[in-house]
Amino acid sequence: MDMLGMYPTFYVPQIGTAWVMGIIGTIHVVASHTSVGAAFLFALLGTKAYRENKPQLMDYVKRYGMLLLVFSYIIGSVTGVGIWYSITIASPRGTAGLIHNFVWVWAAEWVYFTVEVIGVYALVYLIGKVDKLTHLKLTWAFALASWATMLLILGIISFMMWPGSEVWYQTGSTNHAFYNINFFAHLGVRTGSMLVMATIVGLMVVSAMKDKSDALKKDVVRTLTPVGLIGGAVAVIMFFYYLQTLPANAKVMLDAHLLPRYATGMIAVVAVTAVYLVLSWLKPLSLRLWITVPLFLFIGIVGVWPEERTRESMRKPYVAGQYIYGNQVIARDVPGKRIKAEVDHIAEHGLLKVHPFIPERLRTITYENRLEVGRLLTKISCANCHALEPGAPLRNIPDKFHGSTDKDLIAAFINGPLKHGAVSYMPRIDLPAEEVDAIATYLADANQRRLQGIEEDAGRSAMARPEKE
Ligand code: HEC
């Protein structure tokens, strides 16, 4: 019988690999969006300095550029690599799928990124050292290269949500994947919000400039704040357009689970930021670092983190292109890529027999190893989206079963809604009776142990063996 192309399952207790990815991703988004947005602010300020002959504006660009070099670019680059590491272990097949679809897009993105990094150094260190027009051209080239990195990545990230039509499944073409239904809306949201973030950081830089003239500060603030406000408006409008481009499963998640939890915070971020930008425009000399820094953190924590989580959660049960489930099983045929659906194959033979990374001694369920096997199967089938520990923050399964210790009830859920793919945000999970029984036994036992206050240790030994799992 055919082994599937599955990889070992990596599990981070309590938060799963999902949150590891989410935390790194959020930091990356904040750093990278600020950098790309700032590149455009530099281009605008540079143009103004050139046209109106105000070289002092370039002093400001230099300060802000230095800040980017020291913080944004370092943090952005390190977390960029961090994303690759974390997605590869969290979702090896999802990552492989994206590479197979977009290899030249990634390659192009890295070229633009190289231009961007060289560009920011050149921009900062060549101020006053080359003639002004050359410097201005360099600044615009830097801005466009920065935005190109965002544009290229967004085609890929938007495809993760879904291609939006049947065509790509038949052709497997990179163009059909890249120009998916989500792409322009998503690009609009990010382009707008990057300008907002860069403006707020720009105001931070102004408020820290004690040694500069009031006229310069005023000039900078009055140039930046309208850009931030327009960016914010574009982001909000494009966000509503973006909602129209989502698949049905995403809308269910959004309405049932995400908006009730996050909507208020996100509205607050938009409102507070808008008010702050307007006030800054009115009173450009009253900017204070102790307001701008917390505001930036507020945007990051109450705005960007929920936004990233929402996008990741809405995509459930899929991790990419509505053909790879979160638990790495292929959900459907993709003739254009010669990919075959796997759920029925697993149902027929059993996950224990077709998953290459099951320790040999666990391939057959016995009375002694049933908890260990149960834990392993739960990890493989569910832990991409659910923590295993009761009370854990990543929608832990013991709590999702309301602490039930009734094995039959748990098995009925797996054999009912999950087997028939009846829950729009969960994969269709169809397993042979004895495997369902092992999962149900393990989960019922986890809840039983919680009731009795016993630390869980079932199956730990199997998981800890590096050569097997
Ligand atoms: C691809 C992601 C994913 C996988 C894999 C997954 N689930 Fe879920 N599950 C979800 C999401 C999303 C929810 C919605 C709950 C939330 O966000 O709080 C959910 C909710 C649940 C619920 C609560 C009932 C409901 O309909 O909301 C139970 C019970 C559950 N999952 C059990 C399981 C079990 C058991 C497995 C493995 C056999 C599993 N899930 C695999 C994503 C997943």
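Structural data are supplied above this passage.
Each chain has its residues counted from 1, running along the sequence as written. Under the rules for a predicted model, residues below a pLDDT of 70 receive no local features and side-chain atom pairs below 80 are neither given nor counted, while totals for whole chains, interfaces and linings still include all residues. The side-chain values count all of the structure's non-hydrogen atoms but skip hydrogen atoms and water molecules.

Caption draft 1: How the structure looks around the overall build of the protein chain. Put simply, DSSP H or I for four residues or longer makes a helix, DSSP E for two residues or longer makes a strand, and each gets a number counted from the N terminus. Per the secondary structure count, the protein chain includes 17 helices and two strands. For this measure, only C-alpha atoms enter the radius of gyration; the expected value for a globule follows 2.2 Å times N^0.38, where N is the number of residues. Compactness check: the protein chain gives a C-alpha radius of gyration of 25 Å against a globular reference of 23 Å for 469 residues, within 12% of the reference. Of all 469 residues assigned to the protein chain, the portion counted as buried reaches 54%. If you sum the accessible surface of the protein chain, you get close to 20,800 Å²; carbon and sulfur atoms cover 66% of it. Positive charges are assigned to Lys and Arg, negative charges to Asp and Glu, while His and the chain termini are left out of the count. Charged side chains are reduced to one point each, which is NZ for Lys, CZ for Arg, CG for Asp and CD for Glu. The averaged location of the 35 negative side-chain charges in the protein chain is 11 Å from the averaged location of its 43 positive side-chain charges. We call a residue buried when its accessible area falls under 20% of the maximum for its residue type, exposed when it is over 50%, and partly exposed in between, using a 1.4 Å probe and counting protein chains only. Accessible surface is estimated by sampling points in the Shrake-Rupley manner with a 1.4 Å probe; for residues, cover comes only from the protein chains shown.

Caption draft 2: Quick peek at the nonpolar core. Counting 73 residues, the largest nonpolar core has Phe-42, Tyr-60, Tyr-64, Leu-98, Phe-102 and Ile-200 as its most contacted members. Among the elements that line this core, the one with the most residues is helix α7 (residues 183-207), at 13 residues. Any two residues whose heavy atoms approach within 4.5 Å are treated as being in contact. Residues within four places of Phe-102 in sequence aside, it is in contact with Gly-155, Ile-156, Phe-159, Thr-174, Ala-177 and Phe-178. In plain words, nonpolar cores are sets of buried Ala, Val, Leu, Ile, Met, Phe, Trp, Tyr and Cys residues tied together by side-chain atoms within 4.5 Å. With 44 residues, the next largest nonpolar core counts Leu-4, Tyr-11, Tyr-318 and Cys-382 among its residues.

Caption draft 3: Geometry of the site of the ligand. Whether a residue is near a molecule or strand depends on its heavy atoms: it is near if one of them lies within 4 Å of it. Neighbouring residues of the ligand: 20 residues in total, closest Cys-382, Cys-385, His-386, Lys-400 and Met-426. We define a polar contact as two N or O atoms separated by no more than 3.5 Å, with the added condition that, inside protein, one atom must be a possible hydrogen donor and the other a possible acceptor, whereas residues neighbouring each other in sequence contribute only through side-chain atom pairs. In the environment of the ligand, an oxygen atom lies 2.9 Å from a nitrogen or oxygen atom belonging to the side chain of Tyr-425. Only α9 (248-282), α13 (370-382), α14 (397-400) and α15 (407-418) provide two or more residues apiece to the shell around the ligand. In the scheme used here, Gly and all other residues not listed as nonpolar or charged are polar, with Ala, Val, Leu, Ile, Met, Phe, Trp, Tyr, Cys and Pro taken as nonpolar and Asp, Glu, Lys and Arg as charged. Counted by class, the shell around the ligand contains 13 nonpolar, four polar and three charged residues. A domain assignment, automatic or from a database, supplies the domain bounds used here. When residues of the shell around the ligand are assigned to domains, at least three map to each of domain 1 (16-325) and domain 2 (342-464).

Caption draft 4: Here's a closer look at the packing of aromatic side chains. Each Phe, Tyr or Trp ring, with Trp reduced to its six-membered ring, pairs with another whose centre is within 6.5 Å; inter-plane angles below 30 degrees give stacked pairs, above 60 give edge-to-face pairs, and intermediate values give tilted ones. Across all of its chains, the model carries 20 aromatic pairs by this definition. On the basis of an interplanar angle of 15° and a centroid distance of 6.3 Å, the ring pair of Tyr-121 and Tyr-125 is categorised as stacked. Taken together, the residues span about one helical turn, with Tyr-121 and Tyr-125 both in helix α3 (residues 92-125) at a distance of four residues. The class of Tyr-121 is partly exposed, set by a relative accessible area of 43%. Look at Phe-178 and Tyr-179: their rings are 5.0 Å apart centre to centre, the planes differ by 80°, and that puts the pair in the edge-to-face class. A relative accessible area of 5% means that Phe-178 is categorised as buried.

Caption draft 5: Inspection of the coordination of the iron atom of the ligand at higher detail. Coordination shells were defined by N, O and S atoms within 2.8 Å of each metal, extended to 3.2 Å for Na, K and Ca; water is absent from the atom set, which can make sites look incomplete. Around the iron atom of the ligand, the protein contributes the donor atoms His-386 (NE2) and Met-426 (SD), at 1.9 to 2.2 Å from the metal centre. In this scheme the shape depends on donor count and angles: four donors with every angle between 85 and 135 degrees give tetrahedral, four or six donors with opposite pairs above 155 degrees and others between 65 and 115 give square planar or octahedral in turn, and any other case is irregular. Taken together, the six donor atoms coordinating the iron atom of the ligand and their angles of 85 to 179° define a geometry best described as octahedral. Remark: Met-426 occurs in the loop between α15 and α16 (433-452) and His-386 occurs in the loop between α13 and α14; sequence separation between them is 40 residues. With a relative accessible area of 12%, His-386 lands in the buried category.

Caption draft 6: Spotlight on the packing of helix α2 (residues 56-90) against α3. Geometry is summarised by axes, namely lines fitted to C-alpha atoms with helices restricted to the contacting stretch, and by angles between N-to-C directions that run from 0 to 180 degrees. The N-to-C vectors of α2 and α3 enclose an angle of 165°; their axes lie 12 Å apart at closest approach. With respect to each other, α2 and α3 are oriented roughly antiparallel. Our pair here, α2 against α3, has a crossing hand that is left-handed. Considering only residue class, the contact of α2 with α3 consists of 19 nonpolar, four polar and two charged. Any angle from 65 to 115 degrees is called roughly perpendicular, while one under 35 is roughly parallel, one over 145 is roughly antiparallel, and all others are oblique. Two helices cross in a left-handed way if the nearer one is turned anticlockwise from the farther one by less than a right angle. They cross in a right-handed way if the turn is clockwise.

Caption draft 7: The arrangement of the packing of α2 against α7 in detail. Interhelical geometry of α2 versus α7 gives an angle of 115° and a closest axis separation of 10 Å. By the angle between their axes, α2 is roughly perpendicular relative to α7. The element α2 and its partner α7 pack so that their crossing is right-handed. Residues Tyr-60, Arg-63, Tyr-64 and Leu-67 of α2 lie in contact with α7, whose contacting residues are Ala-198, Val-201, Gly-202, Leu-203, Val-205 and Val-206. Residue composition of the contact of α2 with α7, by class: eight nonpolar, one polar and one charged.

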